[in-house]
Amino acid sequence: MRSNLDPDDWSAMRVQGRRMLDDMFDHLQGLRGEPLWRAPPAAVRQGFREPLPQAPADLAQVHQLFMETIRPYSSGNAHPGFMGWVQGGGTVVGMLAEMLAAGLNANLGGRDHAPLEVEQQVVAWTRELLGFPNGATGLFLTGASQANFVATLVARTRALGTYVRSHGLAGGGTTLTAYASQAVHGCVGRALDMAGIGGNQLRRIPVDSGHRIQVPALRAAIDADRAAGNSPFMIVGTAGTVDVGAIDDLMALADLAQETGIHFHVDGALGALAVLAPSLAPRLAGIERADSIALDWHKWGQAPYDAGFLLVRDGELHRRAFVDDAQYLRRAKQGLAAGEWWPCDYGPDLSRSFRALKVWFSLKTYGAAALGAVIEHTCALARDLAAQVAAEPRLELLAPVSLNIVCFRHRAADPERLNSDIVEILHRGGGVAPSLTRLDGRVAIRAAIVNHRTESRDIEALVAGVLAAGRHLEGERPA
Ligand SMILES: Cc1ncc(COP(=O)(O)O)c(C=O)c1O
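A brief look at the structure comes next. Source: prediction; values computed, not measured.

Looking now at the sheet that holds strand E9 (residues 405-410). Here we have four strands laid out as an open sheet, ordered E8-E9-E11-E10, and antiparallel in their pairing. Two strands bound the open sheet, and with one partner strand each, they are strand E8 (395-397) and strand E10 (435-439). Neighbour to neighbour, the strand axes of the sheet diverge by 45 degrees on average, direction disregarded. Summarising the sheet, E9 and strand E11 (residues 442-448) pair through four bridges and their orientation is antiparallel. Bridge pairing links Ile 405 to Ala 448 in E11. Sheet strands in contact with helix H13 (residues 368-390) are E8, E9 and E11, and its direction is about 20 degrees off that of E9. Along the sheet, helix H15 (residues 456-473) makes contact with E8, E9 and E11, crossing E9 at roughly 20 degrees.

With that settled, the discussion passes to the site of the ligand. Taken together, the neighbourhood of the ligand is formed by 13 residues, with Ala 144, Ser 145, Asp 267, Asp 296 and His 298 sitting nearest. Interatomic distance of 3.0 Å between a backbone N/O atom of Ala 144 and an oxygen atom of the ligand. Within the side chain of Asp 267, an N or O atom sits 2.6 Å from a nitrogen atom of the ligand. For the shell around the ligand, the class distribution of residues is five nonpolar, five polar and three charged.

It is worth spelling out the packing of H13 against H15 at this point. Running from N to C, H13 and H15 point in directions that differ by 30 degrees, and their axes come no closer than 10 Å. Considered as vectors, H13 and H15 are oriented roughly parallel to each other. Along this stretch, H13 crosses H15, giving a crossing that reads as right-handed. Between H13, through Leu 381, Asp 384, Leu 385 and Gln 388, and H15, the contact on the second element is made entirely by Ser 456, Ile 459, Glu 460, Leu 462 and Val 463. Within the contact of H13 with H15, the residues separate by chemical class into five nonpolar, two polar and two charged.

Conventions and cut-offs
Residues numbered from 1 in each chain as written. Predicted model: local features only at pLDDT ≥ 70, side-chain atom pairs only at ≥ 80, totals over all residues. Heavy atoms only, no water. Pairing = 2+ DSSP bridges. Helix = DSSP H or I, 4+ residues; strand = E, 2+ residues; numbered from the N terminus. Axes fitted to C-alpha atoms, helices over the stretch in contact; angles between N-to-C directions. Contact = heavy atoms within 4.5 Å. Near = heavy atom within 4 Å. Polar contact = N/O pair within 3.5 Å; in protein donor to acceptor, adjacent residues only side chain to side chain. Nonpolar A, V, L, I, M, F, W, Y, C, P; charged D, E, K, R; others polar. Parallel < 35°, antiparallel > 145°, perpendicular 65-115°, else oblique. Left-handed = near helix turned anticlockwise from the far one by under 90°.

Scope: geometric values only; no functional claims are made or implied.
Structure follows, in structure tokens:
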């Protein structure tokens, strides 16, 4: 049995590798001509129930299997017609950078090597974009769910000191409470749950007609908690709510956080990168005063999954929330075990992939202005969609369009059923894919335009598709 997994025949491997790369270029070049989504047939699913392979197989054959049973049945978010949830489309440059990163196979937990310099470079660029000072720290994580969780742990350490790390919350003798709007993403409550604080300690503050947190109600909730002997420790502002893309009044939240001495965190998963777009950046005023920001390069930043990111203003606090003195991670003055910045001191992960490379490549090759232009374009498409909905008597807009998300529905006697069925028909059709949500108890078709490949014709196809499916379901004509 061989013990080295490198190829015996490197020349043949190069040929096979180029074929695989070419297939992915073909895939990306031909996205528009293919269905966005196809359900994996039963036989394909069955193919993934085989016993553990013991014997080797030819790479070309396994690649063929990928081409036939995986590539055609993937999740569709790279397709220009994908508008569901909040998902980025990825780029060719990002794909190539991922290949290089996998080839290097660097472990970015720590030590002294250039990949960590690259991550630090992206941290510095993100600091610059968001107006954070030099001492601010940052790191890549899987996604904003993790970044919000890590920020919660940082804020918890700020409130209770490092004592909480060894003794837990019971040692603090108080109940920590956090605040966000009713429109907050579910991962923030889960972050409190995972931090041992408890999801119910997230106070969900009412929103105004623009889906922004009501600051007077927030102030009252903080006062009430303090009066009850609780310890308010974190205010979470949202820059781009998941349902409608609303941006809280971040300046007012920064003022209140400063006045009350509470950690001000911004969940910018969806919207923080709007700072790349000159026409949108002013809408985020106040974000530069946050104590921490979670964001996603894999959404509007177009990096392939995954590329979540956290920025923390007080780098020393960030370090204190995670640093340990494990002997097997001792630092040297020189050599491979040297280096001042070890990301394992700033988050839960020890082994980490080289996520920074795809963002570094994207910013270097496309430039920040091009990414900003994509963001602006997706918002322009959202405004066009809203205008088309407003002009069509059979459709109804359900929320103001703040950024790149449009929530609307087909009018009907039973809108719940009709709109859910419309979205299913669209998904099965494979041309456009919005998702569903619920706003003020009403079902909504939700189009989040995130992908740089989406064009006006996709917006028109969405409107036409919704109307055709509506006619079909109401028995007028086939969809
Ligand atoms: C506002 C908001 N916060 C957090 C998240 C979670 O981000 P991720 O999926 O990268 O973990 C999302 C995802 O859509 C989001 O829209």
